[in-house]
Amino acid sequence: QVQLVESGGGLVQPGGSLRLSCAASGSIFSIYHLNWYRQAPGKQRELVAAMPMTSGNTAYADSVKGRFTISRGNAKNTVYLQMNSLKPEDTAVYYCNAVIATPALSAYWGQGTQVTVSS
(Lines give C-alpha, C1' and ligand atoms only; values in the text may rest on other atoms or scores of the structure.)
Protein backbone atom coordinates (compact mmCIF):
# COMPACT_ATOMS: atom_id res chain seq x y z
CA GLN A 1 0.00 0.00 0.00
CA VAL A 2 1.34 3.41 -1.03
CA GLN A 3 1.30 6.11 1.61
CA LEU A 4 1.94 9.85 1.34
CA VAL A 5 2.94 11.80 4.43
CA GLU A 6 3.11 15.60 4.50
CA SER A 7 5.11 17.65 6.94
CA GLY A 8 6.28 21.21 7.44
CA GLY A 9 3.00 22.96 8.09
CA GLY A 10 2.49 25.38 10.91
CA LEU A 11 1.92 28.98 11.86
CA VAL A 12 3.77 31.70 9.96
CA GLN A 13 3.46 35.47 9.76
CA PRO A 14 2.39 37.24 6.57
CA GLY A 15 5.35 37.66 4.25
CA GLY A 16 7.09 34.67 5.75
CA SER A 17 8.14 31.41 4.16
CA LEU A 18 7.41 27.77 4.74
CA ARG A 19 8.51 24.56 3.06
CA LEU A 20 6.19 21.61 2.92
CA SER A 21 7.48 18.10 2.34
CA CYS A 22 5.75 15.01 1.06
CA ALA A 23 7.29 11.57 1.30
CA ALA A 24 5.87 8.59 -0.52
CA SER A 25 6.46 5.06 0.66
CA GLY A 26 5.25 1.59 -0.17
CA SER A 27 5.18 -0.48 -3.31
CA ILE A 28 6.18 2.27 -5.74
CA PHE A 29 7.24 1.37 -9.23
CA SER A 30 7.24 4.88 -10.64
CA ILE A 31 5.84 8.30 -9.79
CA TYR A 32 3.99 9.72 -12.76
CA HIS A 33 2.73 13.05 -11.47
CA LEU A 34 3.08 15.13 -8.30
CA ASN A 35 0.65 17.79 -7.15
CA TRP A 36 -0.11 20.02 -4.20
CA TYR A 37 -3.68 20.92 -3.35
CA ARG A 38 -5.13 23.06 -0.61
CA GLN A 39 -8.51 23.51 0.99
CA ALA A 40 -9.44 26.58 2.99
CA PRO A 41 -12.35 26.56 5.44
CA GLY A 42 -15.66 26.73 3.60
CA LYS A 43 -14.01 26.52 0.19
CA GLN A 44 -13.43 23.88 -2.45
CA ARG A 45 -10.17 22.01 -2.67
CA GLU A 46 -7.98 23.59 -5.32
CA LEU A 47 -4.86 22.64 -7.21
CA VAL A 48 -1.98 24.97 -6.38
CA ALA A 49 1.03 23.31 -7.99
CA ALA A 50 1.62 20.44 -10.38
CA MET A 51 4.67 18.68 -11.79
CA PRO A 52 4.54 15.94 -14.43
CA MET A 53 7.50 13.65 -13.80
CA THR A 54 8.08 12.88 -17.47
CA SER A 55 9.02 16.45 -18.35
CA GLY A 56 9.76 18.09 -15.02
CA ASN A 57 7.71 21.10 -16.06
CA THR A 58 5.66 22.83 -13.41
CA ALA A 59 2.35 24.64 -13.34
CA TYR A 60 0.83 26.86 -10.68
CA ALA A 61 -2.46 28.41 -9.79
CA ASP A 62 -2.57 32.12 -10.57
CA SER A 63 -3.01 32.90 -6.90
CA VAL A 64 0.39 31.41 -5.99
CA LYS A 65 2.39 31.92 -9.17
CA GLY A 66 5.72 33.56 -8.46
CA ARG A 67 5.50 32.74 -4.75
CA PHE A 68 5.29 28.94 -4.59
CA THR A 69 7.71 26.43 -6.07
CA ILE A 70 7.19 22.70 -6.39
CA SER A 71 10.28 20.54 -6.68
CA ARG A 72 11.55 17.00 -6.30
CA GLY A 73 13.69 16.19 -3.32
CA ASN A 74 17.11 14.59 -3.41
CA ALA A 75 15.72 11.67 -1.45
CA LYS A 76 13.67 9.18 -3.37
CA ASN A 77 9.94 9.72 -3.63
CA THR A 78 10.01 13.14 -2.00
CA VAL A 79 8.43 16.37 -3.19
CA TYR A 80 8.58 19.86 -1.71
CA LEU A 81 6.44 22.94 -1.88
CA GLN A 82 8.42 26.08 -1.13
CA MET A 83 6.02 28.82 -0.09
CA ASN A 84 7.30 32.40 -0.03
CA SER A 85 5.63 35.75 0.58
CA LEU A 86 2.81 34.03 2.35
CA LYS A 87 -0.53 35.78 2.69
CA PRO A 88 -3.41 35.21 5.11
CA GLU A 89 -5.47 33.88 2.19
CA ASP A 90 -2.93 31.07 1.84
CA THR A 91 -4.26 29.63 5.09
CA ALA A 92 -5.53 26.14 4.33
CA VAL A 93 -4.93 22.46 4.75
CA TYR A 94 -2.39 21.46 2.14
CA TYR A 95 -2.50 18.02 0.57
CA CYS A 96 0.10 16.11 -1.36
CA ASN A 97 -1.27 14.20 -4.32
CA ALA A 98 0.56 11.76 -6.55
CA VAL A 99 -0.21 9.54 -9.49
CA ILE A 100 1.85 6.43 -8.90
CA ALA A 101 2.40 3.20 -10.79
CA THR A 102 2.59 0.06 -8.66
CA PRO A 103 2.77 -0.74 -11.68
CA ALA A 104 -0.96 -0.07 -12.05
CA LEU A 105 -1.67 3.66 -12.08
CA SER A 106 -3.58 5.18 -9.21
CA ALA A 107 -3.92 8.50 -7.43
CA TYR A 108 -2.92 8.81 -3.78
CA TRP A 109 -3.47 11.51 -1.18
CA GLY A 110 -1.68 12.50 1.99
CA GLN A 111 -3.51 13.26 5.20
CA GLY A 112 -2.95 16.99 4.88
CA THR A 113 -0.94 19.52 6.84
CA GLN A 114 -2.29 22.77 8.25
CA VAL A 115 -0.76 26.05 7.13
CA THR A 116 -1.88 29.14 9.00
CA VAL A 117 -0.71 32.59 7.93
CA SER A 118 -1.51 35.14 10.59
CA SER A 119 0.10 37.95 12.53
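Just so we're clear, the structure is a prediction, and the values are computed from it rather than from any experiment.

About the thresholds
Residues numbered from 1 in each chain as written. Predicted model: local features only at pLDDT ≥ 70, side-chain atom pairs only at ≥ 80, totals over all residues. Heavy atoms only, no water. Pairing = 2+ DSSP bridges. Helix = DSSP H or I, 4+ residues; strand = E, 2+ residues; numbered from the N terminus. Buried < 20%, exposed > 50% of the residue type's maximum accessible area, 1.4 Å probe, protein only. Disulfide = S-S within 2.5 Å. Axes fitted to C-alpha atoms, helices over the stretch in contact; angles between N-to-C directions. Contact = heavy atoms within 4.5 Å. Core = buried A, V, L, I, M, F, W, Y, C linked by side-chain atoms within 4.5 Å. Phe/Tyr/Trp six-rings, centres within 6.5 Å; stacked < 30°, edge-to-face > 60°. Lys NZ or Arg CZ within 6 Å of the ring centre and 35° of its normal.

Visitor: Describe the pairing of strand 7 (residues 68–72), and please don't skip the residues or the numbers.
Guide: Pairing geometry for strand 7 and strand 8 (residues 78–83), over five bridges, is antiparallel. Along strand 8, the bridge assignment pairs Ile-70 with Leu-81. Here strand 7 hands over to strand 8 after five residues, with Asn-77 in that stretch at a positive phi of 60 degrees.

Visitor: Report on the side chain of Arg-67, specifying residues and quantitative values.
Guide: Tracing the sequence through the fold places Arg-67 in the loop between strand 6 (59–60) and strand 7. A residue is classified by how much of its surface remains accessible, and Arg-67, at 10% relative accessible area, is buried.

Visitor: Mind laying out the state of the cysteines, listing which residues take part and the relevant values?
Guide: For the structure shown, the criterion picks out one disulfide. Two residues share a disulfide in this structure: Cys-22 and Cys-96, whose sulfurs sit 2.1 Å from each other. Its S-S torsion of approximately -80 degrees makes the covalent link between Cys-22 and Cys-96 left-handed. Of this pair, Cys-22 sits in strand 3 (residues 18–25) while Cys-96 sits in strand 9 (residues 92–101); the two residues are 74 residues apart in sequence, bridging distant segments of the chain. The exposure classification of Cys-22 matches that of Cys-96, with both residues buried.

Visitor: Could you give an account of the sheet that holds strand 1 (residues 3–7), naming the residues involved and the relevant values?
Guide: Backbone-to-backbone hydrogen bonds join strands into a sheet, with any given pair of strands oriented parallel or antiparallel. An order of 1-3-8-7 is seen for the four strands of this open sheet, with the pairing classed as antiparallel. Sheet topology places strand 1 and strand 7 at the edges, where each strand pairs with a single neighbour. Going across the sheet, the axis of each strand differs from the next one's by a mean of 15 degrees, ignoring polarity. Bridge count for strand 3 against strand 8 is six bridges, and the pairing is antiparallel.

Visitor: How would you summarise the environment of Asp-90 if you had to cite specific residues and measurements?
Guide: Of note, Asp-90 is situated in the loop between strand 8 and strand 9. On the accessibility criterion, Asp-90 (1% relative accessible area) is buried. When the C-alpha atoms of Asp-90 and Pro-14 are compared, they prove to be 9.4 Å apart, with 76 residues separating the residues in sequence. Setting aside residues no more than four positions away along its own chain, Asp-90 makes contact with Arg-38, Val-64, Arg-67, Phe-68, Ser-85, Val-115 and Val-117.

Visitor: Provide a residue-level description of the nonpolar core, including the pertinent values.
Guide: For soluble globular proteins, the rule of thumb is that nonpolar side chains tend to be buried together. In this structure, Trp-36, Leu-81 and Tyr-94 are the most contacted members of the largest nonpolar core, which totals 31 residues. Mapped onto this core, the elements with two or more residues apiece are strand 3, strand 4 (30–39), strand 5 (46–52), strand 7, strand 8, strand 9 and strand 11 (113–117). Per element, the largest residue contribution to this core is five residues, and it comes from strand 9. The contact partners of Tyr-94, leaving out residues within four places of it in the chain, are Glu-6, Leu-20, Trp-36, Tyr-37, Arg-38, Phe-68, Leu-81, Met-83, Gly-112, Thr-113 and Val-115.

Visitor: Residue-level account of the packing of aromatic side chains, with values.
Guide: By the definition in use, this model includes one aromatic pair. Ring centres 4.8 Å apart and planes at 55 degrees place the aromatic pair Tyr-37 and Trp-109 in the tilted group. Of this pair, Tyr-37 sits in strand 4 while Trp-109 sits in strand 10 (residues 105–109); the two residues are 72 residues apart in sequence, bridging distant segments of the chain. The positively charged end of Arg-19 is found above the aromatic ring belonging to Tyr-80, 4.2 Å away from the centroid. Lying over the aromatic face of Trp-109, Arg-45 brings its terminal NZ or CZ to 5.0 Å of the ring centre.

Geometric values such as these leave the question of function open.
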